[in-house]
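Residue-level structure breakdown
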Amino acid sequence: MKKIIVIYLIFVCYQVYGKCSPKSYLSSINFQEIGGNPKKDIIIYAHGLNSSVNATSTFLKQTNQSFYLVAPTLPGHDETSKNMAKITLQQILDFYDYLFCIVKNKDLPIHFIGHSFGALSFLYALEKINSKIEFQSITLLAPAITPKYSWAIRLLKFLPNSLPIPSLAPKKFRLFWATPLGAYKRALEMSEYLLQNNLTQFKKSSFKIILSKEDHLIDWEKLRKWIKSQKGMRIDSQYYQKSGTHPAHLLFIPAESTFEKNYINTLLDELLNHIQ
């Protein structure tokens, strides 16, 4: 009888804790598993603010050949910009908690690649969540840890979250013509947390940051100082020169000219070499 009870309790625990259950308000979020080879290493790709997975189609096609790619849509980035204005830090934590559970259950080596807001929110979430997940490699593309616009957001912090801030990104890269102020406020809160605390969850990971010194949104000198301040961490950084017509912040967006395509492919090769 005791054995039966123990077996039943184990079964119940598995049903409750062994499966991944998203919060109700995440039900509309697209946790897209783009696919690839299901026996290969997993890559999680997190897109930037007011952007989408589709904006980096060049990158996705190339990585999809050698890995199993999981490319979710971040909270608030669905049908309307109103949802973006309502993003909370708790929603971001719940989102990553569910995402980490999904990939961890696959029992394969896991890599993370994030751009801008996606890179920032990932660092914030993994520091706040005790996920007990180990990443083989972490690559941050123009991470919004040290944004140049922080002073402006502080000046506007008492204004409504729904206030639209026109986007400077090319139309093919952005979701909406403007980004709600509320989304920038959440980004600033995550940035301030990371700048005030040392990273503790990444000591076993191969860690790399790729950034252009000509990035119009990220303060690269401040970011370099932050990298040096991380005790016990080895973070490799690579600074590249802006090339072509697209803004330096928007790495790996669909390129127009042959020159830009070759340039982006070179960056992709360097990125994939870091993972492999």
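Now for a look at the structure at hand. (Residues numbered from 1 in each chain as written. Predicted model: local features only at pLDDT ≥ 70, side-chain atom pairs only at ≥ 80, totals over all residues. Heavy atoms only, no water.)

A count of helical and extended segments in the protein chain gives 9 helices and 9 strands. Here the protein chain holds 276 residues, and 50% of them are scored as buried. Taking the intrachain contacts of the protein chain between residues at least 6 apart in sequence as the baseline, contacts between residues at least 24 apart amount to 80%. Surface exposure of the protein chain reaches about 13,900 Å², of which carbon and sulfur atoms provide 53%. (Helix = DSSP H or I, 4+ residues; strand = E, 2+ residues; numbered from the N terminus. Buried < 20%, exposed > 50% of the residue type's maximum accessible area, 1.4 Å probe, protein only. Contact = heavy atoms within 4.5 Å. Areas by Shrake-Rupley, 256 points an atom, 1.4 Å probe, with all protein chains shown as cover.)

Attention now moves to helix α7 (residues 181–196). In an α-helix, one turn spans 3.6 residues, which is why side chains three or four residues apart end up on the same side. The end-to-end C-alpha separation of α7 is 23 Å, in line with the 22 Å expected for 16 residues at 1.5 Å each. Among all positions in α7, only Leu 181, Gly 182, Ala 183, Tyr 184, Lys 185, Arg 186, Ala 187, Leu 188, Met 190, Ser 191 and Leu 194 are buried. (Expected span 1.5 Å × (residues − 1).)

Positive charge collects at one region of the surface, where Lys 213, Arg 224, Lys 225 and Lys 228 lie side by side. Within the fold, Lys 225 resides in helix α8 (residues 220–229). (Patch = residues over 30% accessible without salt bridge, like charges linked within 9 Å, V, L, I, M, F, W, Y side chains within 5 Å. Salt bridge = Lys/Arg side-chain N within 4 Å of Asp/Glu carboxyl O. Lys, Arg positive; Asp, Glu negative; His and termini not counted. Charge placed at Lys NZ, Arg CZ, Asp CG, Glu CD.)

Turning next to helix α4 (residues 89–104). The terminal C-alpha atoms of α4 lie 22 Å apart, and with 16 residues this matches the ideal 22 Å at 1.5 Å per residue to within 8%. Regarding α4, the residues found buried are Ile 92, Leu 93, Asp 94, Phe 95, Tyr 96, Tyr 98, Leu 99, Phe 100, Ile 102 and Val 103.

Moving on: the nonpolar core. By size, the foremost hydrophobic cluster in this structure holds 57 residues, and its most contacted members are Tyr 96, Phe 122, Leu 123, Phe 135, Phe 202, Phe 207 and Trp 226. Per-element accounting of this core gives the leading share, 8 residues, to helix α5 (residues 117–128). If we ignore the near neighbours within four places in the chain, the residues touching Trp 226 are Leu 123, Ile 145, Leu 194, Leu 195, Leu 199, Ile 209 and Ile 235. Counting 9 residues, the second-largest nonpolar core is a separate cluster that includes Ile 43, Ile 113, Leu 141 and Ile 210. (Core = buried A, V, L, I, M, F, W, Y, C linked by side-chain atoms within 4.5 Å.)

Here we take up the pairing of strand β4 (residues 110–115). Most of β4 is tucked away, with 6 of its 6 residues classed as buried. Burial along β4 is two-sided: the residues Ile 110, Phe 112 and Gly 114 and His 111, Ile 113 and His 115 are all buried. Where strand β2 (residues 42–46) lies against β4, 5 bridges are found, and the strand directions are parallel. The residue bridging Ala 46 from the neighbouring strand is Gly 114, located in β4. Across 5 bridges, the pairing between β4 and strand β5 (residues 137–141) is parallel. Pairing of Ile 113 across the sheet is with Thr 139, part of β5. Taken together, β4, α5 and β5 form a β-α-β motif whose crossover is right-handed. (Pairing = 2+ DSSP bridges. Right-handed = clockwise from strand over helix to strand, strands pointing away.)

Take the pattern of salt bridges next. According to the stated counting rule, one finds 3 salt bridges in the structure shown. Residue Glu 189 is joined to Arg 186 by a salt bridge in which the shortest nitrogen-to-oxygen separation is 3.0 Å. Taken as a pair, Glu 189 and Arg 186 lie in helix α7 at a separation of 3 residues, close to a single helical turn. Look at Glu 189 and you get partly exposed, because its relative accessible area is 32%.

In protein chemistry, a disulfide is the covalent bond that joins the sulfur atoms of two cysteines. Taken as a whole and judged by the stated rule, the model has 1 disulfide. Between the sulfur atoms of Cys 20 and its disulfide mate Cys 101 the distance is 2.0 Å. Of note, the bridge from Cys 20 to Cys 101 carries an S-S torsion of about -85° and is left-handed in sense. Within this pair, whereas Cys 20 is found in the loop between α1 (2–17) and β1 (33–36), its partner Cys 101 is found in helix α4, the two being separated by 81 residues in sequence. (Disulfide = S-S within 2.5 Å.)

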